Amino acid sequence: MKRLATAAVALTAAVGLAACGSGSSSSASGSSGSSGAPAMRPIKIAVGATTAASIPLWVGIDQGIFKKAGFDVSMVTLSGTKAPPALASGSVQISASGISDLAGAIVAGSPITIVGTNYPFQFFRMYGQKGITSTAQLKGKTIAASSAGSASDTAIQSAMESSGLQRGRDYQVTYIGDNGARSAALQQGVVQAIIVSPPTAELVEQRGYPDLANLIKAKQPYGYSSFGVQKSWASQHKAELVDFLTAYAQAVDYSKQHQDAAFAAEKKYLGLTDQGVITDVYNVSVAVMPAYPVTDVATVKGTIQFSQNPAVQKADPASLFDNTYVNQAKKNG
């Protein structure tokens, strides 16, 4: 228990550090500084949560992969549906968000698009209070997600699909923030169930809370984490975006070829100390992530079908993404 508490504190600290990350929202001009060295191109990335899906990004930063490609990459954590507005405003260049988050913004008229899906499967597990052994037992209970329309919110629909229960009638959903906040709510008895992603899922399970639905195991097509960009920025900085996606692919490959680097990132950014947990988290994240994050129509369909937003459900999946940039990166690579 003491070890888990330490990990939880470290995880919270990592979120705080990520939120304080600096970066310019302006694009690099390519000019040289007073030293004569080429100017680094700043890329600020908004991530929807502090999870294992970001391991390749952290490895890319720590191992100098992005720097070698000429990028000064920084990350800021904006939970749930807060990242797409930051993207649309130009305060960040890339958003690593769920397809559901980005799709909601797109159908509402936001000038953004999805240019890659770096984790194309369900990345959630549902846990209940001790004594609850199935999703059917959540009748009359409350489940916690991060925010309305977020990846965790849509995932609840998938997790509860076989329960025979109807959302809003048989059970309620409440929105209380990131993985850490949901874990705390379960421990404090504020809610009867939560849906969380690794590494929080592993830490919650170690505390003895029952696993009611393991959506990760089935590798269901689902856009847990995708790269969103402002359309105008992408068109004006095509070469820069292609270069970034190429460097990202290199970071994924490096994470797979050098597990020690990925493990070090888990310890540094996720606050993990238990090697068993570190290995388990790696196996469900980096080990199955594609190097080039091409978005598939089936992945988009598998995500938006569970949305609570009718406009998202009815959206043409092909209208939500643009593989032009990642396909070019793949061709270059």
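Calculation criteria
- Residues numbered from 1 in each chain as written.
- Predicted model: local features only at pLDDT ≥ 70, side-chain atom pairs only at ≥ 80, totals over all residues.
- Heavy atoms only, no water.
- Axes fitted to C-alpha atoms, helices over the stretch in contact; angles between N-to-C directions.
- Helix = DSSP H or I, 4+ residues; strand = E, 2+ residues; numbered from the N terminus.
- Parallel < 35°, antiparallel > 145°, perpendicular 65-115°, else oblique.
- Left-handed = near helix turned anticlockwise from the far one by under 90°.
- Contact = heavy atoms within 4.5 Å.
- Buried < 20%, exposed > 50% of the residue type's maximum accessible area, 1.4 Å probe, protein only.
- Arc of directions from axis to C-beta.
- Pairing = 2+ DSSP bridges.
- Phe/Tyr/Trp six-rings, centres within 6.5 Å; stacked < 30°, edge-to-face > 60°.
- Nonpolar A, V, L, I, M, F, W, Y, C, P; charged D, E, K, R; others polar.
- pLDDT = per-residue confidence, 0-100.

### Things to note about the packing of helix 10 (residues 238-257) against helix 15 (residues 324-332)
Next up, step 1: Interhelical geometry of helix 10 versus helix 15 gives an angle of 60 degrees and a closest axis separation of 8 Å. As summarised for this structure, helix 10 and helix 15 are arranged oblique, according to the angle between their axes. Pair helix 10 / helix 15 crosses with right-handed handedness. Contacts between helix 10 and helix 15 pair Lys238, Leu241, Val242, Leu245 and Thr246 from the former with Thr324, Tyr325, Val326, Gln328, Ala329 and Asn332 from the latter.

### Considerations on helix 15
Next up, step 1: Within helix 15, burial applies to Tyr325, Val326 and Ala329. Seen end-on, helix 15 carries its buried residues on one side only, within an arc spanning 95 degrees.
Next up, step 2: At its buried positions, helix 15 is contacted by strand 4 (112-121), helix 9 (231-236) and helix 10.

### Details of the pairing of strand 4
Next up, step 1: A large share of strand 4 lies buried, amounting to 10 of its 10 residues.
Next up, step 2: Pairing analysis gives seven bridges linking strand 4 to strand 10 (residues 221-230), with the strands arranged antiparallel. By the bridge assignment, Thr113 is partnered in strand 10 with Val229.

### A closer look at the sheet that holds strand 6 (residues 142-145)
Next up, step 1: Taken in spatial order, the five strands make up an open sheet running 7-6-8-5-9, and their pairing is mixed. Both outer strands of the open sheet, strand 7 (172-175) and strand 9 (211-214), are each paired with one neighbouring strand and no more. Direction aside, neighbouring strands of the sheet carry axes that sit 25 degrees apart on average.
Next up, step 2: Taken together, the three bridges between strand 5 (residues 125-128) and strand 9 define a ladder with antiparallel strand orientation. Residue Tyr127 lies in a different strand from strand 9, and its bridge partner there is Asp211.

### Considering the environment of Val242
Next up, step 1: Examined against the element boundaries, Val242 turns out to sit in helix 10.
Next up, step 2: It is 8.8 Å that separates the C-alpha atoms of Val242 and Asn332, two residues lying 90 residues apart in sequence.
Next up, step 3: Once residues within four sequence positions are removed from consideration, Val242 is found in contact with Tyr325, Gln328, Ala329 and Asn332.

### Observations regarding the packing of aromatic side chains
Next up, step 1: A full pass over the atoms with the stated rule returns 11 aromatic pairs.
Next up, step 2: On the basis of an interplanar angle of 85 degrees and a centroid distance of 6.1 Å, the ring pair of Phe71 and Phe244 is categorised as edge-to-face. On the criterion of sequence distance, the pair formed by Phe71 in strand 2 (residues 71-77) and Phe244 in helix 10 is long-range, its members being 173 residues apart.
Next up, step 3: Judged by its relative accessible area of 1%, Phe244 is buried.

### Overview of the packing of helix 2 (residues 55-62) against helix 11 (residues 259-270)
Next up, step 1: The N-to-C vectors of helix 2 and helix 11 enclose an angle of 100 degrees; their axes lie 9 Å apart at closest approach. The angle between the axes of helix 2 and helix 11 places the two elements in the roughly perpendicular class. Counting all contacts with helix 2, which are made through Ile55, Trp58, Val59 and Asp62, the residues of helix 11 involved are Ala261, Ala262, Ala265, Glu266, Lys268, Tyr269 and Leu270.
Next up, step 2: Partitioned by chemical class, the residues of the contact of helix 2 with helix 11 number eight nonpolar, no polar and three charged.

### As for the side chain of Gln122
Next up, step 1: Looking at where Gln122 falls in the secondary structure, it is placed in the loop between strand 4 and strand 5.
Next up, step 2: Excluding its chain neighbours within four sequence positions, the residues that come into contact with Gln122 are Ala155, Ser158, Leu215, Ile216, Gln220 and Tyr222.

### Observations regarding the confidence of the model for the chain
Detailed reading of the predicted coordinates is not advisable wherever pLDDT is low.
Next up, step 1: With 88% of its residues at a pLDDT of at least 70, the chain reaches an overall mean of 89.
Next up, step 2: Of the regions scoring below 50 in pLDDT, residues 1-34 engages in 52 contacts with residues more than four places distant in sequence or in other chains.

### Things to note about the sheet that holds strand 3 (residues 94-97)
Next up, step 1: The strand order 2-1-3-10-4 describes an open sheet built from five strands, whose pairing is mixed. Since the sheet does not close on itself, it has two edges, and those belong to strand 2 and strand 4, each with one partner. Strand-to-strand twist in this sheet, taken as the mean axis angle between neighbours without regard to direction, amounts to 25 degrees.
Next up, step 2: Sheet topology note: the strand 1 (residues 41-47)/strand 3 ladder contains three bridges and is parallel. From the neighbouring strand, Ala46 faces strand 3, where its bridge partner is Ser95.
Next up, step 3: In the packing of helix 2 onto the sheet, contacts are made with strand 1, strand 2 and strand 10, and the angle to strand 2 comes to roughly 140 degrees.

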